[in-house]
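# Close look at the chain arrangement
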Amino acid sequence: MARTSTRAWQRMLSGRRLDILDPSPVDVELSDIAHGLARVARWNGQTLGDYPFSVAQHSVLVLELFRASNPGSSTAALLQTLLHDAPEYVMGDIISPFKTAMGGNYKDVENRLMSAIYLRFSLPATVPAALKKQMKKADQEAAYFEATTLAGFEPNEAIKFFGEPGVPAFEIEQFDRLIQPWPTREAHDRFIASFEAIAKLIPAP
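Residues numbered from 1 in each chain as written. Predicted model: local features only at pLDDT ≥ 70, side-chain atom pairs only at ≥ 80, totals over all residues. Heavy atoms only, no water.

The chain is annotated in an unreviewed UniProt entry as Hydrolase of Devosia soli.

Here it is, written out as C-alpha cells:
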C-alpha cells in the first residue's frame, strides 16, 4: 500500500508528537529536550574524555558564562540562554560550516522550533538584539573553551574562529566542573536542575 503523506513529526518519549516543520508549543516538553540534548554530542563527538561532550552540558556552560558576564540578568534572559540550542533535541548538532553550506531552509526550521520552545515556557518567541549579542558572546566563549580543552584546537586557532574569552573572573574550579564531560544521566539532570533553579525565581502570577 502506497504511503499517502510524508511524515514530518517525531514521537517523543513523553508521548508527544512534535511536527518538526510546523511545531506547536503544546507538544514541547522539558523532559524531551533534556533527554535529547544529553544524547547529542558537540563537535560530532570528536572530543577527549570518557563521554561525549553533550549539548545539554554545553547549554549549562553557556548559561554560567552568560551569568558571569551579565550579573543581574532577568529570569527570562537566563532561560532563553539555557535553551539557546534546544532545537537540537530533534535536529541534532550540526557544525557551523555545514549549517552555512545547507543554507536558509535549515535556519527557517530551527527558528520555528526555537520560537515554539520559547513560547512553551512563556518566554518571548524571539530574542532582542542586545540579548542575542550577549548570548552569542557566551556561546563563543564556551566554544573556545571546548575547542582548546576537548577538541584539539590550539589557542591561536580557536581565537581565530571563536574570539578570545572575556571572562577572567570565571573561577577555575567552576570551569573544571563544567568542562569535563558528564555522563548522559548527569548531563540530563544538571540541565533540568538549571532550568528549575531559574524557574523558581519567576514571581507567581
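We are not done yet, so read on.
### Describing the nonpolar core
Core analysis: the largest hydrophobic core is formed by 60 residues, its most contacted members being Ile-33, Leu-83, Tyr-89, Ile-117, Phe-121 and Phe-191. Looking at this core, the elements with two or more residues in it are helix H1 (30-37), helix H2 (55-69), helix H3 (75-82), helix H4 (88-91), helix H6 (104-120), helix H7 (129-149), helix H9 (172-179) and helix H10 (184-199). The contacts of Leu-83, once residues within four sequence positions are left out, are Met-114, Ile-117, Tyr-118, Phe-121, Leu-123, Phe-191 and Phe-195. (Core = buried A, V, L, I, M, F, W, Y, C linked by side-chain atoms within 4.5 Å. Buried < 20%, exposed > 50% of the residue type's maximum accessible area, 1.4 Å probe, protein only. Helix = DSSP H or I, 4+ residues; strand = E, 2+ residues; numbered from the N terminus. Contact = heavy atoms within 4.5 Å.)

### Re the packing of aromatic side chains
Scanning the model with the defined rule gives 7 aromatic pairs in all. Measuring from ring centre to ring centre gives 5.7 Å for Tyr-144 and Phe-145, while their planes differ by 75 degrees; the resulting arrangement is edge-to-face. Taken individually, Tyr-144 and Phe-145 each receive the classification buried, so the pair is uniform in this respect. Ring plane angle 50 degrees and centroid distance 6.0 Å describe the contact between Phe-153 and Phe-162, whose orientation is recorded as tilted. One Lys or Arg, Arg-17, reaches over the ring of Trp-9 and ends 4.2 Å from the middle of that ring. A cation over an aromatic ring shows up here: Arg-190 above the ring of Trp-182, its NZ or CZ 4.3 Å from the ring centre. (Phe/Tyr/Trp six-rings, centres within 6.5 Å; stacked < 30°, edge-to-face > 60°. Lys NZ or Arg CZ within 6 Å of the ring centre and 35° of its normal.)

### Things to note about the packing of H2 against H7
What describes two packed helices is the angle between their axes and the distance between those same axes. Two elements in contact, H2 and H7, have axes whose closest approach is 8 Å; the angle formed by their N-to-C orientations is 120 degrees. What the angle tells us is that H2 and H7 run oblique. For the pair H2 and H7, the crossing hand works out as right-handed. Residues His-58, Leu-61, Val-62, Leu-65, Phe-66 and Ser-69 of H2 pack against Leu-131, Gln-134, Met-135, Lys-137, Ala-138, Asp-139, Glu-141, Ala-142, Phe-145 and Glu-146 of H7. Tallied by class, the residues present in the contact of H2 with H7 amount to 9 nonpolar, 3 polar and 4 charged. (Axes fitted to C-alpha atoms, helices over the stretch in contact; angles between N-to-C directions. Parallel < 35°, antiparallel > 145°, perpendicular 65-115°, else oblique. Left-handed = near helix turned anticlockwise from the far one by under 90°. Nonpolar A, V, L, I, M, F, W, Y, C, P; charged D, E, K, R; others polar.)

### Notes on the packing of H2 against H10
It is at 8 Å that the axes of H2 and H10 come closest, and there the two elements cross at 40 degrees. Relative to H10, H2 is oriented so that their crossing is left-handed. Taking contact as the criterion, the partners of Ala-56, Ser-59, Val-60, Leu-63 and Arg-67 in H2 are, on H10, Ala-187, Arg-190, Phe-191, Ser-194 and Ile-198. Residues that form the contact of H2 with H10 fall into these classes: 6 nonpolar, 2 polar and 2 charged.

### Topic: the side chain of Gln-80
With respect to the secondary-structure elements, Gln-80 resides in helix H3. Its relative accessible area of 2% is what places Gln-80 among the buried residues. Looking at Gln-80, its side chain comes within polar contact range of the main-chain oxygen of Pro-124, at 3.1 Å. With residues up to four places along the chain from it excluded, the contact list for Gln-80 reads Tyr-118, Leu-123, Pro-124, Thr-126, Val-127, Leu-131 and Met-135. (Polar contact = N/O pair within 3.5 Å; in protein donor to acceptor, adjacent residues only side chain to side chain.)

### Re the pattern of salt bridges
Any two side chains of opposite charge can pair, on the condition that their charged atoms come close. Taken as a whole, this structure holds 8 salt bridges when the rule is applied. Here Glu-110 ties to Lys-107 by a salt bridge, and the two come within 2.9 Å at their closest N and O atoms. Of this pair, Glu-110 and Lys-107 both sit in helix H6, separated by 3 residues, roughly a single helical turn. Using a relative accessible area of 9% as the deciding quantity, one classes Glu-110 as buried. (Salt bridge = Lys/Arg side-chain N within 4 Å of Asp/Glu carboxyl O.)

### Focus: H7
Every α-helix winds through 3.6 residues per turn, so residues three or four apart in the chain are directed the same way. Compared with an ideal rise of 1.5 Å per residue, which puts 21 residues at 30 Å, H7 spans 30 Å between its outermost C-alpha atoms and is within 8% of the ideal. If you check which residues of H7 are buried, you get Leu-131, Met-135, Ala-138, Asp-139, Glu-141, Ala-142, Ala-143, Tyr-144, Phe-145, Glu-146 and Ala-147. (Expected span 1.5 Å × (residues − 1).)

### As for the environment of Arg-11
Mapping Arg-11 onto the fold places it in strand E1 (residues 9-11). Once residues lying within four places of it in the same chain are set aside, the contact partners of Arg-11 are Arg-16 and Arg-17.

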